[in-house]
Amino acid sequence: MDLLQRYKANSDEDEEGDENPKPSNPPSSPDSSPPRISLPSKSSAPTVDDTSLALTIADANRALHKPIDPSQHVVSYNPTYEQLWAPIYGPAHPYAKDGVAQGMRNHKLGFVEDAAIEPFVFDEQYNTFHKYGYAADPSASTGWNYVGDLEALEKNDGVSVYNIPQNEQKRRKLEKKRELDEEGEGEGEEGGEGNAENPATEEWLKRNRKSPWAGKKEGLQGELTEEQKKYAEEHAEKKAQKERGHSGEKGEAVADKSTFHGKEERDYQGRSWIAPPKDAKAANDKCYMPKRLIHTWSGHTKGVSAIRFFPKHGHLLLSASMDSKVKIWDVFNSGKCMRTYMGHGKAVRDISFSNDGTKFLSAGYDKNIKYWDTETGQVISAFSTGKIPYVVKLNPDEDKQNILLAGMSDKKIVQWDMNTGQITQEYDQHLGAVNTITFVDNNRRFVTSSDDKSLRVWEFGIPVVIKYISEPHMHSMPSISLHPNSNWLAAQSLDNQILIYSTRERFQLNKKKRFAGHVAAGYACQVNFSPDGQYVMSGDGEGKCWFWNWKTCKVSRTLKCHEGVCIGCEWHPLEQSKVATCGWDGMIKYW
């Protein structure tokens, strides 16, 4: 109660002190509440700038009614499909980097339209303009508008150079004929009859002005020169050959020569220089890796393309070279060249010994195949179809040593009987030049490879393919070799690997055996086996000779043999660790 009285007294004093006293209100009214102290309000929420938000919403509302500018990179709201794909209206800026004005400009002077005019139509109008002075206007979209001399157009009735009326053509021909006749009569009156027959005179030129020799003043042909006579004779001979039906039957005619370089052709016992030594036999059956260079034969002036050891004994080595010569070298004794066989006009591609080594075949780029006597150097017989032979082989059977097979550049394998010189069979199924011939299955069949990236297996004597191997991933195989056990074929594939095929019925690819590491792509590097079949070897394009283990397929050794390509390699048939290699540097090396 005391508090209430004190409060009332204070309120009365305030009313008296006021100059303008306020009317008293009952205590229950809000105005009669005690005085409040005003404190600043505080909020835990962050301050937000409402003005920018209001502007963004306003912009979005405004943008809803206009298309999007395609040059802007960011759209600050979700536009509708219609806005996104609305067309652009209004003129393009003349100096803008993009837009219609720039896009249509394809020439420094503006926009040039392509006009499709046929060459004949163009030539017609061009020539008409140059002859008559008028031509059709190419820019006219409809109808025929003309440019140029319109008076000439009316006079000629709009005719072009290519559609002269027939009566006009006849008139011109008659006029021309009349002119020529008049000229001829005039010449006859002047006594120019004799001159008109002489091509060196003006009269003859006038009369024969439409001849192909018009305008040329040449005297009558005198005596033929020696060169012309020679050419005429050759041409007549070729023509006569063609008429007889022997065209292309022969290769280049080259004189056969042979030079012996040894001391004597027969020794004190009367034995021939090609006779094998009596004591030559294999020391044991196991072969070993060659390690070092023993001997180098250098006698060829160009690259050596193939080498072959003398069959069974290997005491002689035959080599074919790009200098068109075949040489035979001594291996056991002096190491010198024993004989040179010169019978080809161009590089020699392939060589092949007969079974006893007394004879051999050579095939050259001069389209000739020659059958030589190894001892005397005489050519026994020569064969040619007029195509380049890439590979030559004799049938390995002892009773068929007179049968020659040759793979030719015209996709055929040709079979000759050398006794009669007649072609007895042609195997014609390949689609490219034939590269290899390999006899398998006791010589009853043979396998051929070709530039058509396929292998074909043939029955000997029957020109029908009994097995055709061609896969999309296969490459050309320029060299194939038979394993000593006759069960496998090693094929040098031009994708830098050696593939192994079975020689049994199926001729399947052995996917487990694959020899790689060398670089032989583009070169017909020879692949070969050691006599015991333990090692596979091959030359490569960098001059190396590679040796792989047959069982593990791992590289056993590489030898840097030649400066250029190492194209051929042969393992000696008796000496277990000796190998001969040949290359395009003209060297033959013995390791």
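Residues numbered from 1 in each chain as written. Predicted model: local features only at pLDDT ≥ 70, side-chain atom pairs only at ≥ 80, totals over all residues. Heavy atoms only, no water.

**Examining the overall build of the protein chain**
In terms of regular secondary structure, the protein chain is built from 10 helices and 31 strands. The buried share among the 591 residues of the protein chain stands at 37%. Looking at the protein chain alone, contacts between residues at least 24 apart form 45% of all its contacts between residues at least 6 apart. Total accessible area computed for the protein chain in this model is approximately 37700 Å², and 51% of it derives from carbon and sulfur atoms. (Helix = DSSP H or I, 4+ residues; strand = E, 2+ residues; numbered from the N terminus. Buried < 20%, exposed > 50% of the residue type's maximum accessible area, 1.4 Å probe, protein only. Contact = heavy atoms within 4.5 Å. Areas by Shrake-Rupley, 256 points an atom, 1.4 Å probe, with all protein chains shown as cover.)

**Notes on a negative patch on the surface**
On the surface, Glu-226, Glu-233, Glu-234 and Glu-237 cluster together into a patch of negative charge. Positionally, Glu-237 belongs in helix α10 (residues 226–244). Overall, the relative accessible area of 54% leaves Glu-237 in the exposed class. (Patch = residues over 30% accessible without salt bridge, like charges linked within 9 Å, V, L, I, M, F, W, Y side chains within 5 Å. Salt bridge = Lys/Arg side-chain N within 4 Å of Asp/Glu carboxyl O. Lys, Arg positive; Asp, Glu negative; His and termini not counted. Charge placed at Lys NZ, Arg CZ, Asp CG, Glu CD.)

**A few points about unusual backbone geometry**
Backbone geometry places Lys-367, a non-glycine residue, at a positive phi of 75°. Looking at the secondary structure, you find Lys-367 in the loop between β10 (359–364) and β11 (369–373). Positive phi values are uncommon outside glycine, yet Asn-442 reaches one of about 55°. Structurally, Asn-442 can be placed in the loop between β17 (434–440) and β18 (445–450). A relative accessible area of 63% places Asn-442 in the exposed class.

**Some remarks on a nonpolar patch on the surface**
The grouping of Ile-117, Phe-120, Val-121, Phe-122, Tyr-126 and Tyr-162 at the surface amounts to a nonpolar patch, some 610 Å² of accessible area in total. Mapping Phe-120 onto the fold places it in helix α5 (residues 119–132).

**What about the environment of His-473?**
Relative to the helices and strands, His-473 resides in the loop between β20 (462–469) and β21 (479–482). Overall, His-473 belongs to the exposed group, its relative accessible area being 52%. Residues His-473 and Asp-495 lie 22 residues apart in sequence; the distance between their C-alpha atoms is 9.7 Å.

**With respect to the side chain of Asp-417**
Locating Asp-417 in the fold gives a position in strand β15 (residues 413–417). The charged side chain of Asp-417 is buried without a salt bridge, its nearest counter-charge being Lys-400 at 12 Å. At 2.9 Å, the side chain of Asp-417 and the side chain of Asn-402 are in polar contact. A polar contact is formed between the side chain of Asp-417 and the backbone nitrogen of Asn-419, at a distance of 3.0 Å. (Polar contact = N/O pair within 3.5 Å; in protein donor to acceptor, adjacent residues only side chain to side chain.)

**Topic: the UniProt feature "repeat: WD" (unreviewed entry) in the protein chain**
Following the UniProt record, the feature "repeat: WD" (unreviewed entry) maps to residues 297–331, 341–382 and 427–459 here. Secondary structure content for residues 297–331 is 0% helix and 57% strand, and the end C-alpha separation is 10 Å. (UniProt positions renumbered as here; feature names shortened; annotations may be inferred.)

**Focus: the sheet that holds strand β6 (residues 316–321)**
The strand order across the open sheet built from 5 strands is β3-β8-β7-β6-β5, with neighbouring strands paired in antiparallel fashion. In the strand order of this sheet, the two ends are held by β3 (257–260) and β5 (304–309), each with one partner. The mean inter-strand angle of the sheet, taken between neighbouring strand axes irrespective of direction, is 15°. The sheet contact formed by β6 and strand β7 (residues 325–330) spans 5 bridges and is antiparallel. What sits directly across from Ser-319, in β7, is Lys-327. (Pairing = 2+ DSSP bridges. Axes fitted to C-alpha atoms, helices over the stretch in contact; angles between N-to-C directions.)

**Focus on the nonpolar core**
Grouped together as the largest cluster of nonpolar side chains are 17 residues, with contacts concentrated most on Trp-273, Leu-318, Ile-328 and Tyr-341. Elements with a contribution of two residues or more to this core: β6, β7, β8 (337–342) and β9 (348–353). With residues up to four places along the chain from it excluded, the contact list for Leu-318 reads Ala-306, Ile-307, Arg-308, Val-326, Lys-327, Ile-328, Tyr-341, Ile-351, Phe-353 and Phe-360. Membership of the second largest hydrophobic core comes to 16 residues, among which are Leu-317, Ala-580, Ile-588 and Tyr-590. (Core = buried A, V, L, I, M, F, W, Y, C linked by side-chain atoms within 4.5 Å.)

**A few points about the pattern of salt bridges**
Under the counting rule described, the total for this entry stands at 9 salt bridges. Between Arg-445 and Asp-441 there is a salt bridge whose closest N-O contact spans 3.6 Å. Residue Arg-445 is classed as buried on the basis of its relative accessible area, which comes to 14%. On the basis of relative accessible area, Asp-441 is assigned to the partly exposed category, the value being 23%. Through salt bridges with shared partners, a single ionic network connects Asp-441, Arg-444, Arg-445 and Glu-459.

**Remarks on the environment of Ala-86**
Note on placement: Ala-86 falls in the loop between α3 (81–84) and α4 (100–103). Since its relative accessible area comes to 29%, Ala-86 is described here as partly exposed. Separated by 18 residues in sequence, Ala-86 and Ile-68 place their C-alpha atoms 7.6 Å apart.

**Quick notes on the pairing of strand β27 (residues 544–549)**
Along β27, 5 of the 6 residues are buried, which leaves the element largely enclosed by surrounding structure. Examined bridge by bridge, strand β26 (residues 535–539) and β27 share 5 bridges and lie antiparallel to one another. Within β27, the position partnered with Tyr-535 by the bridge is Asn-549. The antiparallel pairing of β26 with β27 creates a hairpin that spans 4 residues between the two strands, and Gly-543 there sits at a positive phi of about 85°.

**Some thoughts on the sheet that holds strand β24 (residues 509–516)**
Pairing in this open sheet of 4 strands is antiparallel, and the strands run β21-β22-β23-β24 from one edge to the other. Looking at strand neighbours, the two that pair on one side only are β21 and β24, the edges of this open sheet. On average, adjacent strands in this sheet sit at an angle of 25° to one another, irrespective of strand direction. Taken together, the 4 bridges between strand β23 (residues 497–502) and β24 define a ladder with antiparallel strand orientation. Bridge pairing in β24 links Gln-497 to Ala-516.

**Thoughts on the packing of aromatic side chains**
Counted according to the given criterion, the structure contains 26 aromatic pairs. Ring geometry for Tyr-427 versus Phe-446: centroids 5.1 Å apart, planes at 90°, classification edge-to-face. Placement of Tyr-427 in strand β16 (residues 422–427) and of Phe-446 in strand β18 is noted, with a sequence separation of 19 residues between them. Site record: aromatic cluster; members linked through ring pairs are Trp-488, Phe-515, Phe-529, Trp-546, Trp-548 and Trp-550. For Arg-349, the ring lying beneath its charged end belongs to Tyr-390, and the centroid distance is 4.6 Å. Across from the ring centre of Trp-550, 4.7 Å away, lies the NZ or CZ of Lys-513, which sits over that ring. (Phe/Tyr/Trp six-rings, centres within 6.5 Å; stacked < 30°, edge-to-face > 60°. Lys NZ or Arg CZ within 6 Å of the ring centre and 35° of its normal.)

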